Amino acid sequence: MHILVIEDDERIGENLKTFLKKERFQTTVVNNAEDGLFQAEEESYDVVVIDWMLPDGSGIDICRKLRSKNRAVPILMLTAKSQTEDKVEGLASGADDYLTKPFAKEELVARIKSLIRRSAETKGSPIIKIGNLQLNINTTEVKLGNKIVNLAPKEYALLEYLTLHKDKVIDRMTLLHHVWGDDVDDFSNTIDVHIRYLRQKIAGKNNKALIKTVINKGYMICED
Amino acid sequence: MRRLTTRQNFALTFTLYVFGFLVVLYSLFYLVFSLMSVYQLRQDLSNDAKEIISNHLLLDKGEIIFRKDKTGASLKQFLLNENASALILDAKKSTVRSYGLFIYDNTILQPFINKVQASKKPENISVSLNKQKLEVIVVPLKTNGVQIGILVLGISVTDLYGFKQIMIDVFLLLGFLSVAGSFIVGYVLAGRTLTPLIKLAKVVEEMDFDRMESSLTVEGNPQDELVLLINRFNEMTIRLKDMASRQKEFVANASHELKTPLTRAITSLEVLPSSPETAAEIELIKGDLFQINALLDKLLLLTRLKKDSHSPNKNQSIKINRIFSIIKKQLEGKLKEKQITLTITSPEIIKTSIPFEYLEIILSNFISNAVKYSFNQKAVRVRVDQHQAGADIEIVDQGVGMTKEEAAHMFDRFYRGGANKEKGYGVGLSIVKQICDLYNIDIKVSSKKNRGTSIKISV
Ligand SMILES: Nc1ncnc2c1ncn2[C@@H]1O[C@H](COP(=O)(O)OP(=O)(O)OP(=O)(O)O)[C@@H](O)[C@H]1O
Ligand SMILES: [Mg+2]
């Protein structure tokens, strides 16, 4: 999962990056509205976290601009205001949720996860099932039938992204961006290596591969 | 003695002035009337005397001879006609004839008769005779410069005095009426004059620095004291409003600005590599920071509280059970610590005009106070009854309670009851009060020291 954080306070931004990383989110932090809008438009992110007050504009404006360009990316507003009217304004501008500053780490993570779940059409449930594979995105527990599968963090992140976008072909670049973020070189074969490991750990019924390779396009997870 | 209101004072002063004016006017009138009537009477008397002398008396023979006038009327008839009394004396001052009142007694006239006898000039006097007031003229009867007698002619003025009495009565009645009337008129006038002041008082009473836009307007002479006062007042409200809004802005900005460093500190604590020894400490610091944040939120709320323009909906449904579960979660630790049972009897949803967030603030403050000020191992009971007009909510605790004095101040900003051992800032209930005022919600408090407190509201 790749998250864009638009937050002007550098230390807050860095702190968010640090603990989101611990939660296995790739995080890009930008410090102003202009860069934020550019990033959100150019790249595909799973969630955009926007601070309400930025030095060169308001979070609400970014929100409106993104929505007017039909970007459906889930937006979480960070606000130092706790008044009802502000919440209403924030939600009306197209934000999906808001969180008032200061917040506890757990709260932020929970909100982000819930936004991801909602946007992935899992109907809000943290559990995603594909065949006999079962993945709980809250606890990051992965089960095959009744057996718990132990995955390395990157393997899990890869699997989570694919399952959240199941039945869709995801190209390598997108996977790299969402799972590894910016800290990997585009031309390495990291993805293929991780996919291979994953396939070994989670084979579908009759040992059929759940993760399919679509030649020249990318990977896809689907039942059957 | 009860002190008079300015309005009553005004009216009384007005009445007094009117009364004084009336007295002076009437006295003048009375005086002029009396003088005029006496003058008129004396004029009449001397005319009558002249008529008698020329028509009824013959004097040129050196003695007094009586005769009838041209119409054939005798002196007696003439006197009867004029309702006059007369006395005619000869040169030796012995009575020749007497008529009317003078028949019986004329001693009272003697000094004047002597005087005229000596001076040989007519004299006007007023006398009382036989319980009657008389205006009298004493005239010397002369022929060729020789005095041969004296004519005394008198007319009763009792009628005139009667008239004067009526005048006094009328005056008293008029005086009374005018006093009463002028008091009423004065009261009304004073009221009208004071209307701007009363308006001013109302405005001051309702003064709320958020909604002071209704400044007073009075028409009138710009030099008028009241107009001046009101204009000054308007200027003052503008300044006050300005000050209040700047102060509010400051508090709002300050609270707002403080949120960023708070967030910085909290998020930094959260990424701090923690060892088992420091973990507990870090959690404590974090707790403190969140507590500071809670206070900031309260201050912010105090400055920014206003009617929620986004929900004009009068009868919205509120999931009150969600509020209760939030509150229960907040109070979890405290309830366990004090071994208090919190029982809530409520429908899941109520219909009310107050927005969710505000109802949450109200209930969370009342319930957290109830728990905070309850004795250990007691129960805090919350009851919600939905009815047609809204919902009745009652919060009852068995705790330290409040004296009358404390209860009277519990909603004051920063007020904390005497000998309060609990933590707090005394802002909770002032926020509640503000919200309740905004939505016209009545709060009923009954509390007994060391027994407990019961709060009732209808939302
Ligand atoms: N249920 C109660 N029983 C007894 N005293 C009460 C109760 N509720 C309020 N009070 C008194 O009224 C005072 C004001 O209450 P308020 O909630 O405004 O402030 P607080 O509880 O002291 O602080 P905080 O701002 O943190 O709520 C309290 O300090 C307390 O003395
Ligand atoms: Mg309180």
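Reading the values: rules and limits
Residues numbered from 1 in each chain as written. Chains lettered and ligands numbered in written order. Predicted model: local features only at pLDDT ≥ 70, side-chain atom pairs only at ≥ 80, totals over all residues. Heavy atoms only, no water. Helix = DSSP H or I, 4+ residues; strand = E, 2+ residues; numbered from the N terminus. Buried < 20%, exposed > 50% of the residue type's maximum accessible area, 1.4 Å probe, protein only. Contact = heavy atoms within 4.5 Å. Areas by Shrake-Rupley, 256 points an atom, 1.4 Å probe, with all protein chains shown as cover. Core = buried A, V, L, I, M, F, W, Y, C linked by side-chain atoms within 4.5 Å. Phe/Tyr/Trp six-rings, centres within 6.5 Å; stacked < 30°, edge-to-face > 60°. Lys NZ or Arg CZ within 6 Å of the ring centre and 35° of its normal. Pairing = 2+ DSSP bridges. Axes fitted to C-alpha atoms, helices over the stretch in contact; angles between N-to-C directions. Near = heavy atom within 4 Å. Polar contact = N/O pair within 3.5 Å; in protein donor to acceptor, adjacent residues only side chain to side chain. Nonpolar A, V, L, I, M, F, W, Y, C, P; charged D, E, K, R; others polar. Salt bridge = Lys/Arg side-chain N within 4 Å of Asp/Glu carboxyl O. Patch = residues over 30% accessible without salt bridge, like charges linked within 9 Å, V, L, I, M, F, W, Y side chains within 5 Å. Lys, Arg positive; Asp, Glu negative; His and termini not counted. Charge placed at Lys NZ, Arg CZ, Asp CG, Glu CD. Parallel < 35°, antiparallel > 145°, perpendicular 65-115°, else oblique. Left-handed = near helix turned anticlockwise from the far one by under 90°.

**Description of the overall build of chain A**
Part 1: Scanning chain A for helices and strands turns up eight helices and 14 strands.
Part 2: Put simply, chain A has 224 residues, and 52% of those count as buried.
Part 3: Counting contacts in chain A only where the partners sit at least 6 residues apart, residues at least 24 apart contribute 59% of the total.
Part 4: Here chain A has roughly 10,500 Å² of accessible surface; of this, 47% comes from carbon and sulfur atoms.

**What about the nonpolar core?**
Part 1: Of all hydrophobic cores here, the largest spans 51 residues; its most connected members are A:Leu108, A:Ile112, A:Leu159, A:Leu175 and A:Ile202.
Part 2: The dominant element in this core, judged by the number of residues it contributes, is helix H6 (residues 153–164) of chain A, at seven residues.
Part 3: Membership of the second largest hydrophobic core comes to 46 residues, among which are B:Ile362, B:Met402, B:Met410 and B:Ile441.

**With respect to the packing of aromatic side chains**
Residues and elements named next belong to chain B.
Part 1: With the rule as written, the count across this model stands at four aromatic pairs over all chains.
Part 2: When the centroid spacing of 4.3 Å and the interplanar angle of 35° are considered together, the rings of tyrosine 26 and phenylalanine 171 count as tilted. Taken together, the residues span a long stretch of sequence, with tyrosine 26 in helix H1 (residues 6–56) and phenylalanine 171 in helix H4 (residues 158–205) at a distance of 145 residues. Pair check on accessibility: tyrosine 26 and phenylalanine 171 agree, each one buried.
Part 3: Between tyrosine 358 and tyrosine 439 the ring centres are 6.1 Å apart and the planes differ by 65°, which places this aromatic pair in the edge-to-face class. A residue pair is termed long-range when its members are at least 10 positions apart, and tyrosine 358 in helix H8 (residues 356–372) and tyrosine 439 in the loop between helix H10 (428–438) and strand S13 (443–448) qualify at 81 residues.
Part 4: The buried category is assigned to tyrosine 358, whose relative accessible area is 2%.
Part 5: Among the aromatic residues, those joined into a cluster by ring pairs are Tyr26, Phe29 and Phe171.
Part 6: When the ring centre of tyrosine 187 is taken as origin, the NZ or CZ atom of arginine 7, which lies over that ring, is 4.1 Å away.
Part 7: Sitting over the face of the ring of phenylalanine 66, arginine 97 holds its NZ or CZ atom 3.8 Å from the ring centroid.

**Considerations on the sheet that holds strand S13 (residues 211–214) of chain A**
All names here are of chain A.
Part 1: Across the sheet, three strands lie side by side as S12-S14-S13; this open sheet has antiparallel pairing. This sheet does not close on itself; its edge strands, each paired only once, are strand S12 (170–171) and S13.
Part 2: Sheet topology places S13 next to strand S14 (residues 218–221); four bridges connect them, and they run antiparallel. For valine 214, the partnering residue across the bridge sits in S14 and is glycine 218.
Part 3: Set on the sheet, helix H8 (residues 190–201) makes contact with S13 and S14; between it and S13 the angle comes to about 145°.

**Thoughts on the environment of A:Cys222**
Part 1: Secondary-structure assignment places A:Cys222 in the segment after S14.
Part 2: In this structure, the C-alpha to C-alpha distance between A:Cys222 and A:Ile211, residues 11 residues apart in sequence, is 7.0 Å.

**A closer look at the site of ligand 1**
Residue and element names in this part refer to chain B.
Part 1: Neighbouring ligand 1 are 21 residues; Asn369, Arg416, Gly417, Asn420 and Leu429 lie closest to it.
Part 2: In the environment of ligand 1, an oxygen atom lies 2.7 Å from a nitrogen or oxygen atom belonging to the side chain of arginine 416.
Part 3: Glycine 426 has a polar backbone atom sitting 3.0 Å from an oxygen atom of ligand 1.
Part 4: Isolated, ligand 1 exposes 590 Å² of accessible area, and the fraction of that covered by the protein chains is 96%.
Part 5: No other element matches the three residues that H8 contributes to the shell around ligand 1.
Part 6: Its residues assigned to classes, the shell around ligand 1 shows nine nonpolar, eight polar and four charged.

**Comments concerning the pattern of salt bridges**
Part 1: The final tally for this structure, using the stated rule, is 22 salt bridges over all chains.
Part 2: For A:Arg111, the salt bridge is made with A:Asp97, and the minimal N-O distance between the two is 3.4 Å. One end of the pair, A:Arg111, is in helix H5 (residues 105–119); the other, A:Asp97, is in strand S7 (residues 97–100), with 14 residues separating them in the sequence.
Part 3: For A:Asp97, a relative accessible area of 12% corresponds to the buried category.
Part 4: Between B:Glu406 and B:Lys449 there is a salt bridge whose closest N-O contact spans 3.1 Å. Note that B:Glu406 is positioned in helix H9 (residues 404–409) and B:Lys449 in the loop between S13 and strand S14 (452–458), a separation of 43 residues in sequence.
Part 5: We classify B:Glu406 as buried; its relative accessible area is 8%.
Part 6: In this structure B:Lys449 comes out as partly exposed when scored by relative accessible area, which is 38%.

**Here we look at the pairing of strand S8 (residues 127–130) of chain A**
Residues and elements named next belong to chain A.
Part 1: Burial along S8 is one-sided: the residues Ile128 and Ile130 are buried and none of Ile127 and Lys129 is.
Part 2: In this sheet, strand S9 (residues 133–136) lies alongside S8 in antiparallel orientation, the contact comprising four bridges. Note that in S9 the partner of isoleucine 130 across the bridge is leucine 133.

**What to know about a negative patch on the surface**
Part 1: Together, A:Asp8, A:Glu34, A:Asp35 and A:Asp56 give the surface a local cluster of negative charge.
Part 2: For A:Asp8, a relative accessible area of 32% puts it in the partly exposed group.

**Overview of the packing of H8(B) against H10(B)**
Residues and elements named next belong to chain B.
Part 1: Relative orientation of the contacting elements H8 and H10 amounts to 140°, with a least axis distance of 9 Å. It follows from the interaxial angle that H8 and H10 lie oblique. With respect to the hand of their crossing, H8 and H10 are arranged in left-handed fashion. Contacts between H8 and H10 pair Tyr358, Ile361, Ile362, Asn365, Phe366 and Asn369 from the former with Gly428, Leu429, Ile431, Val432, Ile435 and Cys436 from the latter.
Part 2: In terms of residue class, the contact of H8 with H10 is built from nine nonpolar, three polar and no charged.

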